[in-house]
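Analysis of the macromolecular model
Below, each chain spelled out in residue letters.
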Amino acid sequence: MKIQKNDNKLTVPDIVTIPYIEGDGVGAEIMPVTQAVVNAAVGMAYGQKRAIEWKEVFAGEKAFKITGNYLPDETLNAFREYIAGIKGPLTTPVGGGIRSLNVALRQALDLYVCLRPVRWFRGIVSPVREPQKVNMTVFRENTEDIYAGIEWRQGTPEAAKFLRFLTEEMGVSQIRFPETSSFGVKPVSREGTERLVRAAIEYALAHGLPDVTLVHKGNIMKFTEGGFKLWGYALAEREFPDRTFTWLQYEKIGRERGAEEASKALNEAVSAGRVVVKDVIADAFLQNTLLTPENYSVIATLNLNGDYISDQLAAIVGGIGIAPGANINCSDGHAVFEATHGTAPDIAGKDTANPSSLLLSSVMMLEYIGWNEAAALITSAMEQAFVAGCATRDLARFMPNGKPVGTVRFGEVIIDNIYLK
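Cut-offs applied
Residues numbered from 1 in each chain as written. Predicted model: local features only at pLDDT ≥ 70, side-chain atom pairs only at ≥ 80, totals over all residues. Heavy atoms only, no water. 1 Å grid on protein atoms, 1.4 Å probe; cavity = no way out; pocket = protein on both sides within 12 Å on 5 of 7 lines; lining within 4 Å. Points joined across faces, edges and corners; volume = space filled by probe spheres on them. Helix = DSSP H or I, 4+ residues; strand = E, 2+ residues; numbered from the N terminus. Nonpolar A, V, L, I, M, F, W, Y, C, P; charged D, E, K, R; others polar. Phe/Tyr/Trp six-rings, centres within 6.5 Å; stacked < 30°, edge-to-face > 60°. Buried < 20%, exposed > 50% of the residue type's maximum accessible area, 1.4 Å probe, protein only. Lys NZ or Arg CZ within 6 Å of the ring centre and 35° of its normal. Salt bridge = Lys/Arg side-chain N within 4 Å of Asp/Glu carboxyl O. Contact = heavy atoms within 4.5 Å. Polar contact = N/O pair within 3.5 Å; in protein donor to acceptor, adjacent residues only side chain to side chain. Pairing = 2+ DSSP bridges. Axes fitted to C-alpha atoms, helices over the stretch in contact; angles between N-to-C directions.

This brings us to the layout of surface pockets. Here the largest pocket defines a volume of roughly 1200 Å³. If you go around the largest pocket, you meet 42 residues; those closest to its centre are L115, F139, Y203, H207 and Y368. Elements represented by at least two residues in the lining of the largest pocket include exactly β2 (9–11), β6 (113–119), β7 (135–141), α6 (190–206), β14 (324–328), α12 (356–368) and α13 (372–387). Of the residues in the lining of the largest pocket, the class split is 26 nonpolar, nine polar and seven charged. Taken as a whole, the second largest pocket encloses approximately 520 Å³ of empty space. If you trace the second largest pocket, you find 31 residues lining it, with S100, N102, V103, R106 and Y147 closest to the centre. Mapped by element, the contributors of at least two residues to the lining of the second largest pocket are α4 (101–109), β6, α11 (303–316) and β15 (335–339).

Moving on, we get to the packing of aromatic side chains. Two descriptors summarise a pair of aromatic rings, namely the distance from one centre to the other and the angle between the planes of the rings. Evaluated as defined, the whole model comprises 12 aromatic pairs. Residues F139 and Y203 carry aromatic rings whose centres are separated by 5.3 Å and whose planes lie at 65° to one another, so their mutual orientation is edge-to-face. Residue F139 is found in strand β7, and its partner Y203 is found in helix α6; the two are separated by 64 residues along the sequence. With relative accessibility at 2%, the residue F139 sits in the buried group. For Y203, a relative accessible area of 21% gives the class partly exposed. Here the aromatic cluster, defined as three or more aromatic residues joined through ring pairs, consists of W152, F162, F165 and F183. The ring of Y82 has K2 sitting right over it, with the charged end atom 5.7 Å from the ring centre.

The subject of this paragraph is the pattern of salt bridges. Going through the model one piece at a time under the given rule, you end up with 22 salt bridges. Notably, a salt bridge pairs D145 with K186, separated by 2.4 Å at the nearest N-O pair. Of the two residues, D145 is situated in the loop between β7 and β8 (151–152) and K186 in the loop between β9 (183–184) and α6; the sequence distance between them amounts to 41 residues. K186 matches D145 in its accessibility class, with the two residues each being buried.

A few words on the environment of N69. Its place among the elements puts N69 in the loop between α2 (61–67) and α3 (73–82). What makes N69 partly exposed here is its relative accessible area of 33%. Separated by 11 residues in sequence, N69 and F58 place their C-alpha atoms 9.4 Å apart. Among all residues touching N69, those that are not within four sequence positions of it are A63 and F64.

As for its position among the elements, T340 is in the loop between β15 and α12. In terms of polar contacts, T340 uses its side chain to reach the backbone carbonyl oxygen of A323, at 2.6 Å. Those residues in contact with T340, other than ones at most four positions away along the chain, are R116, I320, A323, P324, G325 and S357.

Taken together, 11 strands build an open sheet; the order of strands is β4-β3-β5-β15-β14-β6-β7-β13-β10-β12-β11 and the sheet is mixed. Two strands bound the open sheet, and with one partner strand each, they are β4 (51–57) and β11 (244–246). Between one strand axis and the next, the sheet turns by 25° as a mean value, whatever way the strands run. Pairing geometry for strand β10 (residues 211–216) and strand β13 (residues 298–301), over four bridges, is parallel. Bridging across to β13, L214 finds its partner in A300. Running at roughly 160° to β4, helix α1 (residues 27–46) makes contact with β3 (15–21), β4, β5 (84–87) and β15 of the sheet. Strands β6, β7, β10 and β13 of the sheet are contacted by α11, whose axis makes an angle of about 155° with β7.

Encoded structure:
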């Protein structure tokens, strides 16, 4: 049975088909564990009333062996048809083919939001003193910026042609070593910015969160990242005039009526439950996430910034191994949930891989389709295991009471904890 999107809402059948890509490397180990845990949680939460029918589709090395194509059209069509799906980590082909299977999937389905919630779990050892202060959701723009893949390699005719265009037609003179330079183009559009910031604000409003922070490097890249900042503010003031209060409004009141009136207006907006939309330079934000992480709840940022930010935040709460993620088109509802780490070929087949990232991404998937009770069972069961010192070796080795277990056994412990609820 298929999920339907009508009137901006998902209609989810009780028996729902979810396409999945097993993934390369450790994917063959962590995907079955994840499916077993999800099945247990759904059964515990809803009995026989609800269930997931898993439909395997292919991408990466497994797809190439079967079809001769790393990303078959059938796989893309399945994700289009069934709305929501999940995938393990994928290998990027070396020496040719698709630049990145993950990027190709996002581009093909226009999954313009990379959603990365970051929080700390009790029992996980962190490199910082107060990881519990980190509780953020990152909205990373997924289709523009340098990830658009518009590049020309040094020494090619295309690079030479682009150089001539820059110097002869555009009057560019500040390229230090023109003949040995490669070139890349960084597109950032108003439309791309607006749909991302709109999704971030709607998320904050729906979840009762206090603020959305636009993270950018607009002090240097004034028309791309600076445009992101200004277009984001304009969208907030135009589409959410009674539900947001922007830092630009605060500064305007301060200039016209003084700092005291600006602070009063800000406090009134917060008391009324309006989302405060603010901005910060990317390098300052990375510092602030260590010093005052409690000041941020929802982040909206560009593609490259979001790559750095989401991984840095994951490190603060214990590492990429427990960082979930999703790629979503908030307009048409299509969503692909994924492990955020790589294929880890060095440990593949050794029953040591950590399935937590994919497990927590499955939690996101369950929440996305409205099966919140099952999602909560998995989260609680995982935290219960962590508190008891039960985890795969990458996490357990840092726990004072750590008891390393294999991939399969970790899944079994989670299922046992679910049944004990």
